[in-house]
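Observations on the model geometry
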Amino acid sequence: MSMIKCCFEPLEMPEFLDSFVKKCTEGCCCGCCSALRPRYKRLVDNIFPANPEDGLVKSNMEKLTFYSLRSPEKLDRIGEYLYQRASKDIYRKRYKFVEIAMEAMDLLLMACHAQILNLFVESFLRMVQKLLEDTNPTLQIMATNSFVRFANIEEDTPSYHRRYDFFISKFSSMCYGNNDDMELRDSIRMAGIKGLQGVIRKTVSDDLVANIWEKQHMEKIVPSLLFNMQSGPSKTTDTEATPSTPPLLAEAVLRELVSRASFGHIKSVLKPLLTHLDHHKLWVPNKFAIDTFRIVMISIQPQYSYTVVETLMSHLDQNLTSSPKTRTSLAVVLSKIIAIAAGESVGPSALDIINNLLMHLKTSVSTQHESTPEETQYQEALINALGEFANHHPDYQKIEIMLFIMNTVPDPSNKSRGDQLLQNILLKSLLKVGTQYRTVSFEKAFPVSFLQPLLKMARAASIPIRIIVMQIFQQLLDRHQNQHLLNVISVSHYPTLTIESPSRSDILFTHKYGSNILQAIIESMSQENHLEVLKSSYNTIALVVVEMACGETVQEILLFILGVQQVAVTEVELSPKHRCNLHSIAISLLILLGRCTGVGSLVEYVEKLIQARREEASYLLPPLMDNDKSAPSTLNTNLPHLLIDKLAVAECLQQAGLESNRVQTGTPYALNQTDISAHRHSWVDTHSAVRNSVVDSSYNDIESVSSSPGVQKRSLASEYNFESMKRVLAEPTEASKREAREKQMAIGRAFRETAFEDLVRRTEPKHDVIQHKLNEIFNALSAERQISATCSVQAGSLLAAANGGLSGPTLIEAGRHVGAGQRPIYENNFPELFFY
């Protein structure tokens, strides 16, 4: 009885047994009741050494592990008992024993099979939580490491009630550790990041666990990772298998988190990311934002990359009232990542992104009261984003994007400052896309729906707009990278020029639309004497010469060159310097055309003309003269012998074996010819523009007087013959053409605007008139048949009389009966068959 008294207080008899068992199972202070405790408790007690510094007793731990495997139903009790012992040791601050208990937990966790793990996990997680709640950093780090090892174990049995809210909160708070000891601080932060990684791995693959993608969880995880990424470089090296610093580890965890996100969850990661960048003002400067979004774009599943761009653009919409620097930084980030998403954006999604970028550009222009450098940088960033996006699309989609942009450009007739600024910005966007396009066929690069509005913009009154349009043409025309060589207007030879004969499709394109392009260019050059406009126009037409000039197109280009010269001669409103510049452009294009087509006689003629100009009027040769610069006191631009002669050029073509009729009889280009198709319908028609031949002949006569050294002129008498005069007289006058056009427009307007019932009433057939005409026709046919029948009867009677047969009257009577037996055709009236 003395032994029993030392173990418990005297109690009433019904409670005696329970108290005894409880006291024994909890352990006896004197060790007298160890034989009465369950076996699993004795095995657990035996793993703890007498001296905690000795560590876990390995042999006894092996016994406990063997017992756990043989009796898995005891595993939950073992875990509960280890948790109770560790809780007491934590309270008594015997941390060595706590470490031993945690080590035993880890060993049991790793040794147990997956199908019985649920029996032990609850106690294990309670143990980890208990250690994390303690203020000792060592215990926190140890508990975190244990949790990470647990997270790497794949469980076969699902868990319906397990939650990780505490662990997410605790690990996130550890990521912000600010201990004075730098090494300890990094260790705590590393432990917190690893803990978050463990939670991610444990929860994203288990649908029955609480959803980690919920807002309250992502708002803790994502900012914790970003906070650590800010504190150091965020570029891991390939040689570093395991990150060793908090920034590198945080980046790795963010990559893993983004890579595991599905379509419905990616926005859960992006929203707290954007919020963190806003609150910490990390957009200006935006290096960290660019690096972070690049990490996201590289890690995300490719089919979801469009969502990142869409979210970032929505965030830009929300920051329209922010400072221009913030919006510019957002646009720069967008331009850096949008190329990654371009490969997965097709069809409507691609045009949706383009439309959003254009809307931001329009908003920027509409709200811009004055041009500021910050706002200009913002617009350029949006344009760069648009160009980067288009660059990663196939060429056919680039054409669609350019056409889409072109359709949003305001009409050039709108001359308000806002419209002109918007035209400028949108055309810059179009130029950015065109820079990324590689032209193979001009027919595909210039569809009609794109070419027509572009040519209309080429005639705009704004100088910057016309320059941008010429740059767009240059980007799309330059297939052999010759543009930089043709930037300078010169009559010298281009030794490094790359020339290739145009394909058949390009020749056909030139036949259809080349005159439209040339007409727009000549009108652009003739508006004012602006050097940039003249240089860009020359560059464009020089590329047309290099890319399109051949035996079938050389005549039209010559007519353009002659037209430039004629504008310089006949347009009285042009300044003398402007006239000289046009003459310089014409002679430069002519020598370039001769060299590109290989017409030696043309090159020889132009070289002699150039030499004559150098001796008598050097101002008719490049370089161009600006209005602001001084010029020679006398600028005589009407020197016939120094001008390009049409007949001399035609003779050069004849000597080279090329057609020259169009050059001889055609009309050079002139101003105010908006409807090119009306009189330049086909290049094959060599007589399509003879209606001004009298003016042309007088002009040629002026040019031919002792002109064009070294080339003998043909007589003009051959041009004035009967056929040429007949063609001129037979051609309709301008008044008749204008009347025909007005009549055609009236008919078209009537069919567009008149009600359908009126149109039906107008087009209803007049049955009486038609029937009357048909009766007349049938009567005439019947009379012809009767006459032919009578003639045949008479011929028969004569033949019979000659042969002694029937008499003539008898045959005539027979013929009468034959005719009477047939019903006249004109009596067969079928009016219902003759509807018009």
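Residues numbered from 1 in each chain as written. Predicted model: local features only at pLDDT ≥ 70, side-chain atom pairs only at ≥ 80, totals over all residues. Heavy atoms only, no water.

This part is about the overall build of the protein. In terms of regular secondary structure, the protein is built from 37 helices and 0 strands. By residue count, 47% of the 836 residues in the protein fall in the buried class. Look at the contacts in the protein between residues 6 or more apart in sequence, and 73% of them connect residues 24 or more apart. If you sum the accessible surface of the protein, you get close to 41800 Å²; carbon and sulfur atoms cover 54% of it. (Helix = DSSP H or I, 4+ residues; strand = E, 2+ residues; numbered from the N terminus. Buried < 20%, exposed > 50% of the residue type's maximum accessible area, 1.4 Å probe, protein only. Contact = heavy atoms within 4.5 Å. Areas by Shrake-Rupley, 256 points an atom, 1.4 Å probe, with all protein chains shown as cover.)

Tracing the sequence through the fold places Q471 in helix α23 (residues 463-477). On the basis of relative accessible area, Q471 is assigned to the partly exposed category, the value being 30%. With 65 residues separating them along the chain, Q471 and S536 place their C-alpha atoms 7.0 Å apart.

With that settled, the discussion passes to the pattern of salt bridges. A pair can form between side chains of opposite charge whenever their charged atoms are brought close. Applying the stated rule across the entire model yields 22 salt bridges. A salt bridge links D106 to R149; the nearest nitrogen and oxygen atoms lie 2.6 Å apart. With D106 in helix α6 (residues 95-111) and R149 in helix α8 (residues 137-151), this residue pair connects regions lying 43 residues apart in the sequence. For D106, a relative accessible area of 10% gives the class buried. A relative accessible area of 37% means that R149 is categorised as partly exposed. (Salt bridge = Lys/Arg side-chain N within 4 Å of Asp/Glu carboxyl O.)

Next up on the list: the nonpolar core. Membership of the largest hydrophobic core comes to 208 residues, with the highest contact counts inside it found for L82, F293, L427, F446, F560, L592 and I644. Discounting chain neighbours no more than four positions away, the residues touching L427 are M406, V409, M457, I465, I468, V469 and I472. C580, A612, Y619 and L639 belong to the second-largest nonpolar core, a separate cluster that totals 8 residues. (Core = buried A, V, L, I, M, F, W, Y, C linked by side-chain atoms within 4.5 Å.)

A few words now on the confidence of the model for the protein. Here the protein averages 79 in pLDDT, while 74% of its residues score no lower than 70. Across residues 674-718 the pLDDT falls below 50, and counting only partners more than four positions away or on other chains, this stretch makes 90 contacts in the model. In this model residues 823-827 is a low-confidence stretch, pLDDT under 50, and it forms 7 contacts with partners more than four residues away in sequence or in other chains. (pLDDT = per-residue confidence, 0-100.)

Turning our eyes to something else, we now look at helix α28 (residues 600-616). For α28, built from 17 residues, the straight-helix expectation of 24 Å at 1.5 Å per residue is met to within 8% by its first-to-last C-alpha distance of 25 Å. Close packing links the buried residues of α28 with α26 (554-570), α27 (576-597) and α29 (646-655). (Expected span 1.5 Å × (residues − 1).)

Below, the discussion takes up the packing of aromatic side chains. Going through the model one piece at a time under the given rule, you end up with 17 aromatic pairs. Centre to centre, the rings of F166 and F167 are 5.5 Å apart; their planes meet at 75 degrees, and the pair counts as edge-to-face. The class of F167 is buried, set by a relative accessible area of 3%. With a centroid separation of 4.8 Å and an interplanar angle of 40 degrees, the aromatic rings of Y176 and F227 are classed as tilted. Of the two residues, Y176 is situated in the loop between α9 (165-174) and α10 (182-204) and F227 in helix α11 (residues 215-230); the sequence distance between them amounts to 51 residues. Taken together, the ring pairs connect F124, F147, F150, Y164, F166, F167 and F171 into an aromatic cluster. The residue whose ring lies beneath K202 is F150, and the NZ or CZ to ring-centre distance is 4.5 Å. (Phe/Tyr/Trp six-rings, centres within 6.5 Å; stacked < 30°, edge-to-face > 60°. Lys NZ or Arg CZ within 6 Å of the ring centre and 35° of its normal.)

On to the packing of α27 against α28, then. α28 packs onto α27 with a crossing angle of 150 degrees between their chain directions and a minimal axis gap of 8 Å. Put simply, α27 runs roughly antiparallel to α28. In this structure, α27 meets α28 at a crossing whose hand is left-handed. Of the residues in α28, those in contact with H583, I587, L590, I591, G594 and R595 of α27 are L602, V603, V606, E607, L609, I610 and R613. Of the residues that constitute the contact of α27 with α28, the class distribution is 8 nonpolar, 2 polar and 3 charged. (Axes fitted to C-alpha atoms, helices over the stretch in contact; angles between N-to-C directions. Parallel < 35°, antiparallel > 145°, perpendicular 65-115°, else oblique. Left-handed = near helix turned anticlockwise from the far one by under 90°. Nonpolar A, V, L, I, M, F, W, Y, C, P; charged D, E, K, R; others polar.)

The next point concerns the packing of helix α24 (residues 504-525) against α26. The contact between α24 and α26 brings their axes to 11 Å, and the two run at 20 degrees. As judged from the angle between their axes, α24 and α26 are roughly parallel. Here the hand of the crossing between α24 and α26 comes out right-handed. In this structure, α24 contributes S515, L518, I521, I522 and M525 to the contact, and α26 contributes E556, F560, G563, V564 and V567.

Let's shift gears to unusual backbone geometry. A cis amide bond links V284 to the next residue, P285, at an omega of -5 degrees. Mapped onto the elements of the fold, P285 is located in the loop between α13 (266-279) and α14 (287-299). Note the cis peptide between P622 and P623, where omega equals 5 degrees. Mapped onto the fold, P623 is located in the loop between α28 and α29. One non-glycine residue, K93, lies in positive phi territory at about 60 degrees. Here K93 is to be found in the loop between α5 (75-91) and α6.

Over its 22 residues, α24 extends 30 Å from the first C-alpha to the last, a length consistent with the 32 Å expected when each residue adds 1.5 Å. At Y513, α24 shows its maximal bend, which comes to roughly 60 degrees. Buried residues dominate α24, accounting for 16 of its 22 residues. (Bend = angle between axes of the 7 residues up to and from the residue.)

Summarising the element assignment, R327 is placed in helix α16 (residues 324-342). Its relative accessible area of 8% is what places R327 among the buried residues. In this structure R327 touches L316, N319, L320, S322, E375 and Y378, once residues within four positions along its chain are discounted.

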